[in-house]
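Notes for the structure review
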Amino acid sequence: MAAAIAAGAARADDGSKPPVVYKDPTPRADILDTPALKRNILALSFKQPPAGLTVPRVKVEGASGLRDLRFQPGLTLLSLWAPWCAPCLVELRDLAARRRLFEGKRFRMLPVLTGPRGEISLGEARAALAKVGAETMEVTIDRSPGSRVLLETLALRERPGGSGLGGNLPCNLLVDEEGRVLARQFGAPLDLKLEPGQLPTAEMRANARTRWAGAEGEALLGALQRGEVAGAPAPRLVG
């Protein structure tokens, strides 16, 4: 279900032509392959990235001005988005509602606007987030040439049918402090309550929340906040 939702549902009840369903054969991310997350569909939607994938050196603009894109110790959920990407905005709305509860010393969320369809200011980016209720999210814009380097480096994947590579948003990446990509997710998996054999309508998809807003999102974000991921160092005993 998660793969189908991320790439587009099967035929809708309203008779509209469905997008192609693409089941990503990439294995799940090693870092999230833990007993606690074994059946977590949201965690399963994070795939093992291509070997050696790292965040390129780019300038980004935020509230403090222009700076190099850097990451804090621990893990960062780097969310690539653009104002033209409706699923991105839905996902950021749900992540914004979780941000204060789950960010900490080991984990933070960092949305970065990339691949806009024209020049965009910080004010315009803030307005796009505020419109969907995600105004508490930090506004950061990819200021590489064309504001597209992050999109073209990190969000490329094989198109369905083997028709070459294409940039895909939303794209979430779990990144360490050195900028190494440890897990990558495309799409915004929706939390749809369907009866057996029922297919989602366009209205159902438009009004649905993403899995970040539900129990699976809470479990995954909690594990990231506490550092409970595969390969994480064991806590030091004091005494």
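Residues numbered from 1 in each chain as written. Predicted model: local features only at pLDDT ≥ 70, side-chain atom pairs only at ≥ 80, totals over all residues. Heavy atoms only, no water.

What follows concerns the packing of helix α3 (residues 86–102) against helix α7 (residues 215–226). Between α3 and α7, the shortest axis-to-axis distance is 11 Å and the interhelical angle comes to 35 degrees. As α3 runs across α7, the sense of the crossing is right-handed. Across the interface between the two elements, Arg98, Leu101 and Phe102 of α3 pack against Glu218, Leu221, Gly222 and Gln225 of α7. Split by residue class, the contact of α3 with α7 holds three nonpolar, two polar and two charged. (Axes fitted to C-alpha atoms, helices over the stretch in contact; angles between N-to-C directions. Helix = DSSP H or I, 4+ residues; strand = E, 2+ residues; numbered from the N terminus. Left-handed = near helix turned anticlockwise from the far one by under 90°. Contact = heavy atoms within 4.5 Å. Nonpolar A, V, L, I, M, F, W, Y, C, P; charged D, E, K, R; others polar.)

Enumeration according to the criterion identifies one aromatic pair in this entry. Between the aromatic rings of Phe46 and Trp212, the centroid separation amounts to 6.1 Å while the plane-to-plane angle is 80 degrees, which identifies the pairing as edge-to-face. Of this pair, Phe46 sits in the loop between α2 (41–44) and β1 (59–62) while Trp212 is found in the loop between α6 (202–207) and α7, placing the two residues 166 residues apart along the sequence. Summarising the burial analysis for this pair, Phe46 and Trp212 share the class buried. (Phe/Tyr/Trp six-rings, centres within 6.5 Å; stacked < 30°, edge-to-face > 60°. Buried < 20%, exposed > 50% of the residue type's maximum accessible area, 1.4 Å probe, protein only.)

A few words now on the nonpolar core. Core analysis: the largest hydrophobic core is formed by 58 residues, its most contacted members being Leu32, Leu78 and Leu80. Look past the residues within four positions of Leu80 in its chain and what remains in contact with it is Cys88, Val112, Thr114, Leu150, Leu154, Ala155, Leu169, Pro170, Cys171 and Leu173. (Core = buried A, V, L, I, M, F, W, Y, C linked by side-chain atoms within 4.5 Å.)

Looking now at α7. Across its 12 residues, α7 extends 16 Å between first and last C-alpha, which sits within 8% of the 16 Å expected from 1.5 Å per residue. Elements in contact with the buried residues of α7: α2, β3 (75–81), α3, β4 (107–113) and β8 (171–175). One or two steps after α7, the chain reaches Gly227, where phi turns positive at roughly 75 degrees. (Expected span 1.5 Å × (residues − 1).)

What follows concerns the pairing of β1. With burial as the criterion, only one face of β1 is covered, namely that bearing Val60 and Gly62; the residues Lys59 and Glu61 on the opposite face remain uncovered. Both β1 and strand β2 (residues 65–68) contribute to a ladder of four bridges, which runs antiparallel. Across the sheet, the residue bridging to Glu61 is Leu66, located in β2. As paired strands, β1 and strand β5 (residues 141–142) are joined by two bridges and run antiparallel to one another. Paired with Val60 across the bridge in β5 is Asp142. (Pairing = 2+ DSSP bridges.)

Evaluated as defined, the whole model comprises one disulfide. Across the disulfide from Cys85 sits Cys88; the S-S distance is 2.2 Å. The sign of the S-S torsion, about 85 degrees, decides the handedness of the disulfide formed by Cys85 and Cys88: right-handed. The cysteine Cys171 is free of any disulfide, with Cys88 supplying the nearest cysteine sulfur at 9.3 Å. (Disulfide = S-S within 2.5 Å.)

What follows is about the confidence of the model for the protein chain. For the protein chain, the mean per-residue pLDDT works out to 84, and 78% of the residues sit at or above 70. Below pLDDT 50 for its whole length, residues 1–21 participates in 39 contacts with residues either more than four positions away or in separate chains. (pLDDT = per-residue confidence, 0-100.)

For the rest of this paragraph, the subject is the pattern of salt bridges. Applying the stated criterion across every chain yields a total of 14 salt bridges. Residue Arg93 is joined to Asp94 by a salt bridge in which the shortest nitrogen-to-oxygen separation is 3.0 Å. Taking relative accessible area as the criterion, Arg93 reaches 22% and is therefore assigned partly exposed. We classify Asp94 as buried; its relative accessible area is 1%. Its salt-bridge partner being Arg226, residue Glu228 comes within 2.9 Å of it at the nearest N-O pair. Bridged by salt links that share partners, the residues Arg28, Asp33 and Lys38 form one connected network. (Salt bridge = Lys/Arg side-chain N within 4 Å of Asp/Glu carboxyl O.)

Residue position: Pro116 is located in the loop between β4 and α4 (122–131). In this structure, the C-alpha to C-alpha distance between Pro116 and Gly146, residues 30 residues apart in sequence, is 8.4 Å. In this structure, Pro116 is in contact with Trp84, Gly146 and Ser147, ignoring residues within four places of it in sequence.

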